[in-house]
Amino acid sequence: MLQLSSLNLGERPCVAVAIRDGVEDAEIYDALKKGADLLELRIDQFAHTDEDYVLKEIRRYLGIPLLGTIRTTKEGGDWAQSEDERCTLYEQITPHVHAIDVEISTEICATVTAIAQERDCLSIGSFHDFEATPSLEQLREIAQEGRACGVDIVKVACTCTTPEDLRTLAQFTLEEAPKHVITIGMGSAGMLSRLFFPALGSLITYTFLGSATAPGQLNCEATLEYLGKLYPSRQSASQ
């Protein structure tokens, strides 16, 4: 079982709340009190991305399980600087967060993953497809590519337009769950995945405070309410 700060991933469905900078502390701690498990810091969407500013923001959340993510525009984020600068920022944040998320296809994936391993920081290797859901065989190849980079968890987020897309992602989740996976169907046709794929072995489901960070995300209140009803283990943990 993988450990992310105080969380035993896989013990029960975990909820990550994606936030930008500037979110009110009261709103964050209310979400945690209601059952959110960790914060995903979308550093690429911060107002500033220099080291001092980013680390100051991270220090606001001492004692909370933290995931640091820096996505380019192609990956659904706002990072527009060089890959060398992105790699450097990942290196700067790894001592201060408990996990990082880096896109599998990027040239810095293996380097960032190695830095994370040296600092006892979990690494999530992501793949995003904002147009469609690849075939099951393609998804298997993506997972193999991520593990070749040394990531601890493979995360696949694909746009679903048909029930067949959702079934493909469900089969992939069942196959890959023993090796540690996060699987998400984006878009309205994939929304069910955010609630039911944890039952298949997907380790983390994502929600947000402020604005959604991916198509088809449920807001924090709705996500926690539904998961609390679906998974008794979450109800007992939040009480």
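Before any of the text, the structure's been laid out above.
Values in this document were obtained by computation on a predicted structure and should not be read as measured data.

Each value, and the rule that gives it
Residues numbered from 1 in each chain as written. Predicted model: local features only at pLDDT ≥ 70, side-chain atom pairs only at ≥ 80, totals over all residues. Heavy atoms only, no water. Core = buried A, V, L, I, M, F, W, Y, C linked by side-chain atoms within 4.5 Å. Buried < 20%, exposed > 50% of the residue type's maximum accessible area, 1.4 Å probe, protein only. Contact = heavy atoms within 4.5 Å. Axes fitted to C-alpha atoms, helices over the stretch in contact; angles between N-to-C directions. Helix = DSSP H or I, 4+ residues; strand = E, 2+ residues; numbered from the N terminus. Parallel < 35°, antiparallel > 145°, perpendicular 65-115°, else oblique. Left-handed = near helix turned anticlockwise from the far one by under 90°. Polar contact = N/O pair within 3.5 Å; in protein donor to acceptor, adjacent residues only side chain to side chain. Salt bridge = Lys/Arg side-chain N within 4 Å of Asp/Glu carboxyl O.

Trainee: Tell me about the nonpolar core, and please be specific about residues and values.
Mentor: Formed by 56 residues in total, the largest nonpolar core has its most connected members in Ile19, Leu39, Leu41, Ile93 and Ile100. Beyond its immediate chain neighbours, meaning those up to four positions away, Ile19 contacts Ile28, Leu39, Glu40, Leu41, Arg42, Phe46, Tyr61 and Leu209. Of all hydrophobic cores here, the second largest spans 20 residues; its members include Leu9, Leu38, Ala99 and Ala214.

Trainee: Explain the packing of helix α5 (residues 136-148) against helix α6 (residues 163-176) residue by residue, including any values.
Mentor: The interhelical angle for the contact between α5 and α6, taken along N-to-C directions, is 40°, at an axis separation of 10 Å. Classified by the angle their axes make, α5 and α6 are oblique. The chirality of how α5 crosses α6 is right-handed. Residues Leu136, Leu139, Arg140, Ala143 and Arg147 of α5 lie in contact with α6, whose contacting residues are Thr168, Leu169, Gln171, Phe172, Glu175 and Glu176.

Trainee: Can you tell me about the side chain of Thr94, naming the residues and giving the values?
Mentor: Looking at the secondary structure, you find Thr94 in the loop between α3 (83-93) and β6 (99-103). When its relative accessible area of 1% is taken as the criterion, Thr94 is described as buried. At 3.1 Å, the side chain of Thr94 and the backbone oxygen of Glu91 are in polar contact. Apart from residues no more than four positions distant in its own chain, Thr94 is found in contact with Ile100, Ile115, Ala116, Arg119 and Cys121.

Trainee: Kindly report on the pattern of salt bridges, identifying the contributing residues and their values.
Mentor: Should their charged atoms come close, side chains of opposite charge can pair. The tally for this structure, following the rule as stated, stands at 16 salt bridges. Residue Glu103 is joined to Arg71 by a salt bridge in which the shortest nitrogen-to-oxygen separation is 3.3 Å. Here Arg71 lies in the loop between β5 (66-69) and α3 and Glu103 lies in strand β6, a separation of 32 residues in the sequence. Taken individually, Glu103 and Arg71 each receive the classification buried, so the pair is uniform in this respect. Among the ionic pairs, Arg147 bridges to Glu176, the shortest N-O distance being 2.7 Å. With Arg147 in helix α5 and Glu176 in helix α6, this pair connects stretches of sequence that are 29 residues apart. One salt-bridge network, in which partners are shared between bridges, spans Arg71, Asp101, Glu103 and Lys155.

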